[in-house]
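Examination of the molecular architecture
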Amino acid sequence: MIASQTATFPQGAVAVLTIDNPPVNGIGSGVRVALGKALEEAIANPMIKGIVLTGSGSFFSCGADIREFNTPKSRQEPSLRAIIEQLENSPKPTVAAIHGAALGGGLELALGCHYRIAQAKSSFGLPEVKLGILPGAGGTQRLPRLIGIGPALEMVAGGDSIDASKAQSLGLIERLVQTDLVPQACELALEASIRTEGLPRLSRAPIGATADSKVFDEARKLAGRRYRGCIAPLECIACVEKTLTSDLDEGLAFERERFQFLVNGDQSKAQRHLFFAERAAMKPPKVEAKLTPIRKVGVVGAGTMGTGIAMSIANAGISVVMIERDQAGLDHGWEVIKGNYASSVSRGKLSDSDVKARLALISRSLDYAALADVDLVIEAAFEDMGVKKEIFSRLDAVCKPDTILASNTSRLDINDLAASTSRPSKVIGTHFFSPANVMRLLEVVQGTRTATDVIGSLFAFARKLGKIPVLVGVCDGFVGNRMVSPYTREAHFLLEEGATPEQVDSALRRFGMAMGPLQMGDMAGLDISWAARKRMAPTRPAHIRYSKVADTICELGRLGQKTGAGFYRYESGSRTPISDPAIDVLIAECAREAGVERREITDVEIIQRTMYALVNEGARILQEGIAQRASDIDVIYVAGYGFPAFRGGPMFYADTVGLPEVLATIERFHDRHGELWAPAPLLKELVENGRSFADL
Ligand code: 3HC
């Protein structure tokens, strides 16, 4: 785990200690034991003049081994803090030679060294806040002493990495090198070994200019916006603030205590669950056949989804041909794309030359013949099976035999669509989320005849686009939208039973949702789910409760934000929902017609009715094999539906509450509200066997 070598130079010998723990050189208990021992030996060896710490493979070190948290291994001596002290207190110069990335505990190790030297393409970060914790091995105390309070606060509480040139300008690294990283680090160690002044130790460094308390207030405000509902950023800020009033030992003790508090809490467990859940979801299936390299893509439809999809493809440096039925539609889509890029330039996110390069990758045509040489087509046309089938048969005729044909449908049957072509094994669903150039989630819908190499090719393509692909099966709404149906259904029932739209939405926002379901409906456009309800109407048994609230709102032409009114009203050009007494009257009228007695609704009931509706449907989806893992559902909900990351997704949340309690409440709802609340068999099975979704 630690390779220890002696590098000999005319001026003397240097111990080169290499962390070798693939894939990311995580610092688990094994690495700590080996590193502690190697350091002890190097310090004791009279032949050794200096010590260089580096990493093998692609990274210096990406931090503590997260899998060991909350296990006995995390308590095994020596601790990471003890190793960092050992490095810092070493009488011989210690130099961190950094390539790739130094993250979390990896960067904290480097901060324990007397000097840091890095390769030009390296990056540096303390991403712990994204895992619901804080840098717990001195990072919150040493970094401000090295680069100052403001920049340290940004790195600790924001969690984003910086590149090597920024690190050098902040004084985080002493030297930037293009080549010969380790030999140059050895040279630095030898130079330092003959200097007469003492070695630079961050524990003894004074804290720079006293920070204005406004810096911390600003950081708290920023954290509130970026990490809504999360406690870790506030603890990160408190630790950095502590450097102003405490010496290093006091600061480290405070940091340690707050780290323990966070690492044992539910928020961090949820965020760590998501870290691994995302990685599990993104693993493509095992594929024997060769993958199709996707170098050129066609997008059919230049509406909201089509333009967003075309942009995300161009953003990844891949050529894209956009097809529309008429020139006006194509021109409108092109203007939308140019407008979106112009706004990125005005916000400083892209340069003019970036935009020029991306626009050059997007060509436009009214002729399907322009798709003759593409490797993949994504159809993003009107959500109607007839329309889509017609498009697919034209694609089937013009595209190369091995072109993959994908549909961006959010609900329709991929198998039906595949059957209308001569290449069902090459037909797949790619459900992007709006805005498609921003949202990272991609539901990859596998039809019964979709070939595994087509899925593998799509996964590789999605990763190039920076998306999180999650494999799902065919059913109405796939995973995400299928679960949204009972969730919004309960929101509408709650309105009839006595809640107001603001009460439902604000209770769910307090729970942590980015938006309540009614505001979300207004934003997405109420006509989409209205069309789906109309399509499903013939299959809906008459005796099953059905709320007419949303349909009645749509019949008034109130289709959400785009028409200036939906569940709320909107002033022209504004997206801020305003309560509308006319809607309260409409809801009361619907309730009266449906014979629903109105009553006081509590926030607890709002949360349980909506969340447990998600969980119950999620359990059915799992049992039917539409989702591969409970954690895939969590990824979909957090990445695509504004579910709070600090609750880990709906299925993790259910485990946190405890499945026996969730089931008991669902059974109570079943008794009170009828068969829509029949508990999912899988949920009952798990409770009977004392298991949880995490055990699946
Ligand atoms: N601990 C344990 N496993 C880790 C890990 C870590 N810190 N970082 C990555 N891994 C695992 C992943 O789960 C994945 O495992 P798998 O192959 O079994 O799925 C494998 O390493 C490769 O990871 P990625 O698929 O994410 O590889 P990428 O190359 O895309 O990304 C990365 C590499 C940027 C390092 C990314 O993995 C990452 O961001 N890791 C987390 C870094 C982090 O948060 N560090 C702080 C840890 S907490 C800490 O240090 C506490 C300290 O302050 C006390």
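Residues numbered from 1 in each chain as written. Predicted model: local features only at pLDDT ≥ 70, side-chain atom pairs only at ≥ 80, totals over all residues. Heavy atoms only, no water.

**Structural notes on the UniProt feature "domain: 3-hydroxyacyl-CoA dehydrogenase NAD binding" (unreviewed entry) in the protein chain**
What counts, and what does not: UniProt positions are given in the numbering used here, feature names are shortened, and annotations may be inferred rather than shown by experiment. Note on conventions: DSSP H or I runs of at least 4 residues are helices, E runs of at least 2 residues are strands, and numbering of each starts at the N terminus.
The feature "domain: 3-hydroxyacyl-CoA dehydrogenase NAD binding" (unreviewed entry), as annotated in UniProt, sits at residues 296–473 in this numbering. The distance separating the terminal C-alpha atoms of residues 296–473 is 26 Å; by composition the span is 42% helix and 21% strand.

**Details of the pattern of salt bridges**
Pairs may arise between side chains of opposite charge once their charged atoms sit close together. In plain terms, the rule: By salt bridge we mean one thing: a side-chain nitrogen of Lys or Arg within 4 Å of a carboxyl oxygen of Asp or Glu. Here's how the labels work: a residue is buried when its accessible area is under 20% of the maximum for its type, exposed when over 50%, partly exposed in between, all with a 1.4 Å probe on protein chains only.
Per the stated rule, a full pass over the model turns up 38 salt bridges. Of the charged contacts in the structure, one is a salt bridge between Glu41 and Lys37, with a shortest N-O distance of 3.4 Å. Here Glu41 and its partner Lys37 are both found in helix H1 (residues 29–44), four residues apart, which amounts to about one turn of the helix. Take Lys37: its relative accessible area is 52%, and that puts it in the exposed class. Across the pair Arg569 and Glu571 runs a salt bridge, and its minimum N-O distance is 3.8 Å. A residue is classified by how much of its surface remains accessible, and Arg569, at 33% relative accessible area, is partly exposed. The exposure class assigned to Glu571 is partly exposed, which follows from its relative accessible area of 47%.

**Some remarks on helix H21 (residues 526–536)**
Threshold: Read the arc as the range of directions from the helix axis to the C-beta atoms. Here a residue-residue contact requires only that any non-hydrogen atoms of the pair lie within 4.5 Å.
Taken as a whole, H21 has its buried residues at Leu526, Trp530, Ala532 and Arg533. End-on, the buried residues of H21 take up no more than an arc of 160 degrees, which puts them together on one face. Of the surrounding elements, those touching the buried residues of H21 are helix H20 (517–524) and helix H22 (549–555).

**Digging into the side chain of Thr307**
Let me state the cut-off plainly: We define a polar contact as two N or O atoms separated by no more than 3.5 Å, with the added condition that, inside protein, one atom must be a possible hydrogen donor and the other a possible acceptor, whereas residues neighbouring each other in sequence contribute only through side-chain atom pairs.
As for its position among the elements, Thr307 is in helix H12 (residues 304–315). Within polar-contact distance, the side chain of Thr307 engages the backbone oxygen of Thr304 at 3.1 Å. Excluding residues within four positions of it along the chain, Thr307 makes contact with Gly301, Ala302, Met322, Gly333, Val336 and Ile337.

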